[in-house]
Amino acid sequence: MKPSPYRPHAQLLVCTHLRTASDPLGGGCGARGEEVFAALKERTRGSSVWVARSSCLGLCPQRGCTVAIAPAMQYLIEVEPADVDEVLSAAR
Ligand code: FES
């Protein structure tokens, strides 16, 4: 193991986890997360802010999705595509 020579300014982890509708934690961020992921990827192309899909981050909002911002490890919930500017501001 060794440290990577590549390091982003920030990395956004977008939950796209999908559960069954009957799960007591709800249906998961699923498609809502995919919409936010696509919007963030579009806005960060070629930048030093990296975006990746993630499985469940443990917060499971009933609307929108969860986004974690590393390295600050700030967690945002109920994130919608319209929130992309605010998410990017939080990451900078
Ligand atoms: S399903 Fe997205 S945070 Fe749990």
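What comes next is a walk through the structure.

The rules we used
Think of each chain on its own: its residues are numbered from 1, step by step along the sequence as written. Residues qualify for local features only when their pLDDT is at least 70, as the model is predicted, and side-chain atom pairs are given and counted only at 80 or more; totals for whole chains, interfaces and linings, by contrast, use all residues. Hydrogens and waters are ignored; side-chain quantities use all the structure's heavy atoms. Helix axes are fitted to C-alpha atoms over the stretch in contact, other axes to C-alpha atoms as well, and angles between N-to-C directions run from 0 to 180 degrees. Strands are runs of DSSP state E lasting at least 2 residues, helices are runs of H or I lasting at least 4, and numbering of each runs from the N terminus. By the definition adopted for this analysis, an angle is roughly parallel if under 35 degrees, roughly antiparallel if over 145, roughly perpendicular if from 65 to 115, and oblique otherwise. Crossing chirality is assigned from the near helix's rotation relative to the far helix, an anticlockwise turn below a right angle marking it left-handed and a clockwise turn marking it right-handed. The contact rule is simple, with two residues in contact once any of their heavy atoms fall within 4.5 Å. Put simply, Ala, Val, Leu, Ile, Met, Phe, Trp, Tyr, Cys and Pro go in the nonpolar bin, Asp, Glu, Lys and Arg in the charged bin, and everything else, Gly too, in the polar bin. Candidate patch residues must exceed 30% relative accessible area and have no salt bridge, after which like charges are joined if within 9 Å and Val, Leu, Ile, Met, Phe, Trp or Tyr side chains if within 5 Å. Note that accessible areas follow from Shrake-Rupley with a 1.4 Å probe, and for residues the cover is restricted to the protein chains shown. Salt bridge, as used here: a side-chain nitrogen of Lys or Arg that lies within 4 Å of a carboxyl oxygen of Asp or Glu. Buried means the residue's accessible area, taken with a 1.4 Å probe over protein chains only, is under 20% of the maximum for its type, while exposed means over 50%, and partly exposed covers the values in between. Note: the arc covers the axis-to-C-beta directions of the helix.

### Quick notes on the packing of helix α1 (residues 30–44) against helix α2 (residues 84–91)
Part 1: In the contact formed by α1 and α2, the axes pass within 10 Å of each other and the chain directions differ by 60°. As judged from the angle between their axes, α1 and α2 are oblique. In this structure, α1 meets α2 at a crossing whose hand is right-handed. In this structure, α1 uses Ala 39, Leu 40, Arg 43 and Thr 44 to contact α2, whose residues at the interface are Val 84, Asp 85, Val 87 and Leu 88.
Part 2: Split by residue class, the contact of α1 with α2 holds five nonpolar, one polar and two charged.

### A look at a nonpolar patch on the surface
Part 1: Residues Leu 59, Met 73, Tyr 75 and Ile 77 make up a contiguous nonpolar surface patch of about 380 Å² in total accessible area.
Part 2: Residue class for Ile 77 comes out partly exposed when judged on its relative accessible area of 47%.

### Brief notes about the pattern of salt bridges
Part 1: Summed over all chains, the structure comprises five salt bridges.
Part 2: For Glu 34, the salt bridge goes to Arg 53, with nearest N and O atoms at 3.0 Å. In this pair, Glu 34 is assigned in helix α1 and Arg 53 in strand β2 (residues 49–54), connecting sequence segments 19 residues apart.
Part 3: As a salt-bridge pair, Glu 42 and Arg 45 come within 3.4 Å of each other at their nearest N and O atoms. With respect to burial, Glu 42 and Arg 45 carry one shared label: exposed.

### Topic: α2
Part 1: By the burial criterion, the buried members of α2 are Val 84, Val 87, Leu 88 and Ala 91. Along the axis of α2, the buried residues cluster in a sector spanning 95°; they form a single face. Among the exposed residues of α2, those oriented more than 90 degrees off its buried face are Glu 86 and Ser 89.
Part 2: Where α2 is buried, its residues touch β1 (10–15), α1, β2, β3 (65–70) and β4 (74–79).

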